[in-house]
Amino acid sequence: MLLIGLTGNIASGKSTVAHLLAARGATIIDADVLARRAVEEGTPAYREIIDRWGKDVLGPDGHLDRGALRRRVFQDLGELEELNRIVHPEVARLRDELVSEARARRDRVVVCDIPLLFENNMADEFDRIVLVDAPRPTRLERLVRTRGLSETEAMDMVAAQMPAELKRARADFVIDNVGSLAELEARVDDTWEAISAEADERRGQTSGEAHALR
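Residues numbered from 1 in each chain as written. Predicted model: local features only at pLDDT ≥ 70, side-chain atom pairs only at ≥ 80, totals over all residues. Heavy atoms only, no water.

### Comments concerning the pattern of salt bridges
Two side chains of opposite charge can pair, provided their charged atoms sit close to one another.
Next up, step 1: Evaluation of the coordinates by the stated rule reveals 16 salt bridges.
Next up, step 2: A salt bridge links Lys167 to Glu119; the nearest nitrogen and oxygen atoms lie 2.9 Å apart. Here Lys167 is found in helix 8 (residues 164-168), whereas its partner Glu119 is found in the loop between strand 3 (109-113) and strand 4 (128-133), with 48 residues between them in sequence.
Next up, step 3: Look at Lys167 and you get buried, because its relative accessible area is 0%.
Next up, step 4: Salt-bridge contacts for Arg168 lead to Asp133; the nearest nitrogen and oxygen are separated by 2.8 Å. Of this pair, Arg168 sits in helix 8 while Asp133 sits in strand 4, placing them 35 residues apart in sequence.
Next up, step 5: Of the residues examined, Arg168 reaches a relative accessible area of 32% and is grouped as partly exposed.
Next up, step 6: Here Asp133 falls in the buried class, since its relative accessible area comes to 8%. (Salt bridge = Lys/Arg side-chain N within 4 Å of Asp/Glu carboxyl O. Helix = DSSP H or I, 4+ residues; strand = E, 2+ residues; numbered from the N terminus. Buried < 20%, exposed > 50% of the residue type's maximum accessible area, 1.4 Å probe, protein only.)

### Overview of helix 4 (residues 66-73)
Next up, step 1: Taken together, the buried positions of helix 4 are occupied by Gly67, Ala68, Leu69 and Val73.
Next up, step 2: In this structure, the buried side of helix 4 is in contact with helix 3 (44-53) and helix 5 (77-105).
Next up, step 3: Here helix 4 starts with a cap whose side-chain oxygen sits 3.1 Å from the backbone nitrogen of Gly67, and that cap is Asp65. (Contact = heavy atoms within 4.5 Å. Polar contact = N/O pair within 3.5 Å; in protein donor to acceptor, adjacent residues only side chain to side chain.)

### Re empty space enclosed by the protein
Next up, step 1: Applying the stated rule across the entire model yields 1 cavity of 30 Å³ or more.
Next up, step 2: The volume enclosed by the largest cavity comes to roughly 60 Å³.
Next up, step 3: Surrounding the largest cavity, Arg70, Arg71, Phe74, Gln75, Glu153, Asp156 and Met157 form its lining.
Next up, step 4: Sorting the residues of the lining of the largest cavity by element identifies helix 4 and helix 7 (151-159) as the ones contributing at least two each.
Next up, step 5: Here the lining of the largest cavity gets 3 residues from one element, more than from any other, and that element is helix 7.
Next up, step 6: Class assignment for the residues of the lining of the largest cavity results in 2 nonpolar, 1 polar and 4 charged. (1 Å grid on protein atoms, 1.4 Å probe; cavity = no way out; pocket = protein on both sides within 12 Å on 5 of 7 lines; lining within 4 Å. Points joined across faces, edges and corners; volume = space filled by probe spheres on them. Nonpolar A, V, L, I, M, F, W, Y, C, P; charged D, E, K, R; others polar.)

Here it is as structure tokens:
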């Protein structure tokens, strides 16, 4: 199995690339989905968040108001680090379970969609890293236009992440999300072709080793 780490700064288009990779046959494990599971009402992380920030970060239904929590933590790096300390261990546990299940199924390519992959020093956990990137002004405009954020909120969220230039230097593949969807799909196709070739090579090597042991 080829294990891929997919990352990209906020509003880079990483989720779109994940959907395109899924359509081409990859198994996707989405850290954002796992993060929502990790803080569901009644979980240890949920209770710790309420203890730390109070009931002001809850919605009327008792679930976390992610927007309210985001506004509290993105203005203070220390607060953001505290939230990550609470949530990330549970997310990692859930992800490891899904990776183990995929390995047991003999899935060919597994892509873990992880926004803070580099920030959390996780690069060594993967066979290859794919970075999705877009110019900073483009990402700011997307946050304001598609998520209804103020410019200040958008800038706080962008500033809280490692600069994309540093990530580009450490990625095995960089997919630039500029231009049309068709152009993005073509770039994804190029990356998928390279990933598929390596996955096939690994599977062939494993099969050869198995025959040699018979």
